Amino acid sequence: MIGAIRTIYVEKSVRDTQITRRVLSRAGDYVRVEHVDDPQSVLDRFDLRRGGHAPGKQALLLGDFRGDAIKPCPGMKGYLCCEYQILNFGTGCPIDCSYCILQDYFSNPLLVVQANPDAFLAAAAQTIRSQPDRFFRLGTGEFADSLALEPLTGYAPLLVEWVRDFPNAILELKSKATNIDSLLELDHQRRTVCAWSLNSEEITRNEEHKAAPLADRFAAARRCEAAGYRLAFHFDPIFHYPGWEQGYRDTINRVFQSVSAQNIAWISLGCFRYTPGLERTIRRRFPKNRCTYGEFIPSGDGKMRYPQPLRIQIYRKMVNWIREAGGENVRVYFCMENAKVWRDVMGVAPADNAELGSWLDAACRD
Ligand code: SF4
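A brief structural summary. Worth saying up front: this structure is predicted, and the values here are computed from it rather than measured.

## As for the overall build of the chain
Helices and strands together make up the secondary structure of the chain, namely 14 helices and 18 strands. On C-alpha atoms alone, the chain measures out to a radius of gyration of 20 Å, which is about the 21 Å that the 2.2 N^0.38 rule sets for 366 residues. Each of the three principal axes of the chain carries a C-alpha extent, and together these read 55 × 45 × 35 Å. Here the chain holds 366 residues, and the buried ones make up 44% of them.

## Comments concerning the sheet that holds strand S13 (residues 230–238)
In spatial order, the strands read S4-S5-S9-S10-S11-S13-S14-S18; together these eight strands make up an open sheet with mixed pairing. The open sheet has two edge strands, strand S4 (70–72) and strand S18 (332–334), and neither has a second partner. On average, each strand axis in the sheet is tilted by 30° relative to the strand beside it, whichever way the strands run. Running at roughly 155° to strand S10 (residues 169–175), helix H7 (residues 155–163) makes contact with strand S9 (136–139), S10 and strand S11 (192–198) of the sheet.

## Some remarks on the sheet that holds strand S1 (residues 7–11)
Across a sheet, strands are paired by hydrogen bonds formed along the backbone, either parallel or antiparallel in direction. Here we have five strands laid out as an open sheet, ordered S2-S1-S3-S8-S6, and mixed in their pairing. Of all strands in the sheet, those with a lone pairing partner are strand S2 (32–36) and strand S6 (90–91), marking the two edges. In terms of strand pairing, strand S3 (residues 59–63) meets strand S8 (residues 111–114) through four bridges, oriented parallel. By the bridge assignment, Gly63 is partnered in S8 with Gln114.

## Side note on the packing of helix H10 (residues 244–258) against helix H12 (residues 308–326)
Running from amino to carboxyl end, H10 crosses H12 at an angle of 30°, the nearest separation of the two axes being 9 Å. Taken together, the axes of H10 and H12 lie roughly parallel to each other. Between H10 and H12 lies a crossing of right-handed hand. Two secondary-structure elements touch here, H10 through Glu245, Tyr248, Arg249, Ile252, Asn253 and Phe256 and H12 through Lys317, Met318, Trp321, Ile322, Ala325 and Gly326. Residue composition of the contact of H10 with H12, by class: seven nonpolar, two polar and three charged.

## With respect to the site of the ligand
All residues adjacent to the ligand are Cys93, Ile95, Asp96, Cys97, Cys100, Leu102, Asp145, Lys176 and Ala211. In terms of residue class, the shell around the ligand is built from six nonpolar, no polar and three charged.

## Brief notes about the packing of helix H9 (residues 214–226) against H10
Pairs of packed helices are described in terms of their axes, by the angle between the two and the distance that separates them. In the contact formed by H9 and H10, the axes pass within 10 Å of each other and the chain directions differ by 30°. Taken together, H9 and H10 sit at an angle that is classed as roughly parallel. Seen along the crossing, H9 lies across H10 with a hand that is right-handed. Across from Leu214, Phe218, Ala221 and Arg222 in H9, the residues of H10 making contact are Thr251, Arg254 and Ser258.

## Side note on the pairing of S1
By the criterion of burial, S1 is predominantly enclosed, with four of the five residues buried. With four bridges joining them, S1 and S3 adopt parallel strand pairing. For Tyr9, the partnering residue across the bridge sits in S3 and is Leu61. As defined by bridge partners, S1 adjoins S2 across five bridges and the pair is classed as parallel. What sits directly across from Tyr9, in S2, is Glu34.

## Details of H9
Taking 1.5 Å as the rise per residue, H9 with 13 residues should run 18 Å; its terminal C-alpha atoms sit 19 Å apart, in good agreement. Buried within H9 we find Leu214, Arg217, Phe218, Ala220, Ala221 and Cys224. Looking down the long axis of H9, one finds its buried residues gathered within 160° of arc, a one-sided arrangement. Buried residues along H9 sit against S11, helix H8 (201–207), S13 and H10.

## Overview of the nonpolar core
Within the largest apolar cluster, 102 residues are counted, with the highest numbers of intra-cluster contacts made by Leu62, Cys194 and Leu231. Top contributing element to this core by residue count: strand S14 (residues 264–271), with six residues. If near-sequence neighbours (up to four positions away) are discounted, Leu62 is found in contact with Ile8, Tyr9, Val10, Glu11, Val14, Ile19, Thr20, Val23, Val113 and Ala115.

Rules behind the numbers
- Residues numbered from 1 in each chain as written.
- Predicted model: local features only at pLDDT ≥ 70, side-chain atom pairs only at ≥ 80, totals over all residues.
- Helix = DSSP H or I, 4+ residues; strand = E, 2+ residues; numbered from the N terminus.
- Rg over C-alpha atoms; globule rule 2.2 N^0.38 Å.
- Buried ≥ 20, exposed ≤ 12 C-beta atoms within 10 Å, placed from the backbone.
- Pairing = 2+ DSSP bridges.
- Axes fitted to C-alpha atoms, helices over the stretch in contact; angles between N-to-C directions.
- Contact = placed C-beta atoms within 7 Å.
- Parallel < 35°, antiparallel > 145°, perpendicular 65-115°, else oblique.
- Left-handed = near helix turned anticlockwise from the far one by under 90°.
- Nonpolar A, V, L, I, M, F, W, Y, C, P; charged D, E, K, R; others polar.
- Near = placed C-beta within 6 Å.
- Expected span 1.5 Å × (residues − 1).
- Arc of directions from axis to C-beta.
- Core = buried A, V, L, I, M, F, W, Y, C linked by C-beta atoms within 7 Å.

Shape descriptors only; they carry no functional weight alone.
Structure below.
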């Protein structure tokens, strides 16, 4: 993945930070480095209105910390949200999944990393300490892939060793990469959950360009488990296509053949949904892709979704396969689903976002 980066832009105010020095020492000689006064000038160059996604995914901006260190995951009215908090260490992803919602979420595909971790983590710590009665389930895998740039940045150990000292916070690193070597020797105190996004073998091979093969993700999960970490898995997005049942069932079975159910903090499920903007991008960038073909209907949040009865049918099967392979105690939740779907699949729905969030928080307190 390091080889994918062609240009590194360094904001002058972070030219001497630990992250910048490390990135520049690890980048190959073929990488062009440019120091800039104004990061906005770089963002402007890669604005999607001026060019495509590919150049931005090959360029990394090391920027000074600005904005919010912690942001709530953007939930939607009418859908139960797990109240995950985004630890905003960077944005963009060098992996290139055809279905990636970030292609529509951001107007810029540039990879950005907060290269002043002292300021960034101090701001995040202040937020956590100012609310001692609240539990923060933090993650870095919402606006970025948590580990894709790890060989270059070495950011993950900073986060793992930072979060372990907060009694009211845990961190989830979510990835489709396998760059875990920097995690294995850390004193993490089980305050970090190592998570992988999973799909069927067919979707992984055809749609998750530049991501690690499934077998490698399982091997990485096994090594993290051996290093004492809790694990999590996310089946999101789930696609309905001919052969989907065998495809997802196989992947679920491989989860439980690879790691112990007792070490899995949670498994999330979410069916594919897309915005009109994402559909246009998929058609343009991946003309052979058929993800948006099939039966979809508009939903309250402006996204197209599989009809509710179909989503319920898919989730029932997925939950049954998880129960058969992993037992009744594995925590399974739905990402952005409504209370009726919860009730029809699970027999019960969380009363609200807070209840769902607390139920997941409890997985890290056991
Ligand atoms: S790994 Fe995640 S963030 Fe990266 S391209 Fe794929 S879906 Fe998007």
